[in-house]
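Each chain, letter by letter, is given below.
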Amino acid sequence: MNLYLRYFDKETLVYNVEEALDFLNSIPEIGVDRELENDIREYVESDVFYPKRYKVRPRVYFIIIKTTAESMLDFKDKKALHPVPVPEIPTDKRDITATVMTRLTEYKEGWYEGALDFKRVVMIPSTGKHEYRDTHFEARCKANSGQDCYIRMVNYLKERVDGRSQFPSAKGKSFRFKYLGMWK
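Notes on the structure follow. (Residues numbered from 1 in each chain as written. Predicted model: local features only at pLDDT ≥ 70, side-chain atom pairs only at ≥ 80, totals over all residues. Heavy atoms only, no water.)

## Things to note about the packing of helix α1 (residues 17-25) against helix α2 (residues 34-45)
Geometrically, a packed helix pair is captured by the angle between its two axes and the distance between the axes.
Then comes step 1: Close contact between α1 and α2 brings their axes to 11 Å; oriented N to C, the two are set at 140 degrees. The orientation of α1 with respect to α2, classified from their angle, is oblique. In terms of crossing hand, the pair formed by α1 and α2 is right-handed. Contacts between α1 and α2 involve Val17, Glu18, Leu21 and Leu24 on the former and, on the latter, Glu37, Ile40, Arg41 and Val44.
Then comes step 2: Residues that form the contact of α1 with α2 fall into these classes: five nonpolar, no polar and three charged. (Axes fitted to C-alpha atoms, helices over the stretch in contact; angles between N-to-C directions. Helix = DSSP H or I, 4+ residues; strand = E, 2+ residues; numbered from the N terminus. Parallel < 35°, antiparallel > 145°, perpendicular 65-115°, else oblique. Left-handed = near helix turned anticlockwise from the far one by under 90°. Contact = heavy atoms within 4.5 Å. Nonpolar A, V, L, I, M, F, W, Y, C, P; charged D, E, K, R; others polar.)

In structure tokens, the structure reads:
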């Protein structure tokens, strides 16, 4: 692991901690003491790859960056970046249908059991004022998909609760459904 160090317009790429400390000692404004030296050694030995900055005086810092670049040109051209793991895109058809959106919109006629948590507006009789209350609602209905089940439940509730009540998205954690089987 190599190290890139920069203090204003002074910069270098070194191959070990000793060379880094030599570079810092060559700059008179930076006072390298035992504590700073130990902290730099700990940083280099750790698994952390983010840049580290050290305060020289108020609003003045020098930075150290771990890199695998072999030369300053490679570092400047960003040829030695640490790869960020990219999540794999499912290629198996079973994995794709398991995603929330495809499962929600999958066309399958039959009975569905849906559960919905929403904010219901209720009046407090003693004060005459209104407040939101968390309300849980479950229903079984005939539908063509999980999305259709959600729409039927929300339409049913909108006819029976205060119009200011708030309903969650069908894609969120506040709506769950289960396919029960084909109707007869």
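There's plenty left to go through after this.
## Notes on the sheet that holds strand β6 (residues 130-143)
In sheet architecture, strand pairing relies on hydrogen bonds along the backbone and comes in two forms, parallel and antiparallel.
Then comes step 1: Pairing is antiparallel across the open sheet formed by three strands, whose spatial order is β6-β5-β7. Taken across any chain shown, the strands that pair with only one partner, and hence form the sheet edges, are β6 and β7 (175-181). Taking the axes of each pair of neighbouring strands and ignoring which way they run, one obtains an average angle of 20 degrees across the sheet. (Pairing = 2+ DSSP bridges.)

## Observations concerning the pairing of strand β1 (residues 2-7)
Then comes step 1: For β1, the buried fraction is high: five of the six residues fall into the buried class.
Then comes step 2: Bridging between β1 and strand β4 (residues 60-67) involves five bridges; their strand directions are antiparallel. Looking across to β4, one finds that Arg6 is bridged to Ile63.
Then comes step 3: Here β1 folds back onto strand β2 (residues 10-14) in antiparallel fashion, the turn holding two residues, of which Phe8 has a positive phi close to 55 degrees. (Buried < 20%, exposed > 50% of the residue type's maximum accessible area, 1.4 Å probe, protein only.)

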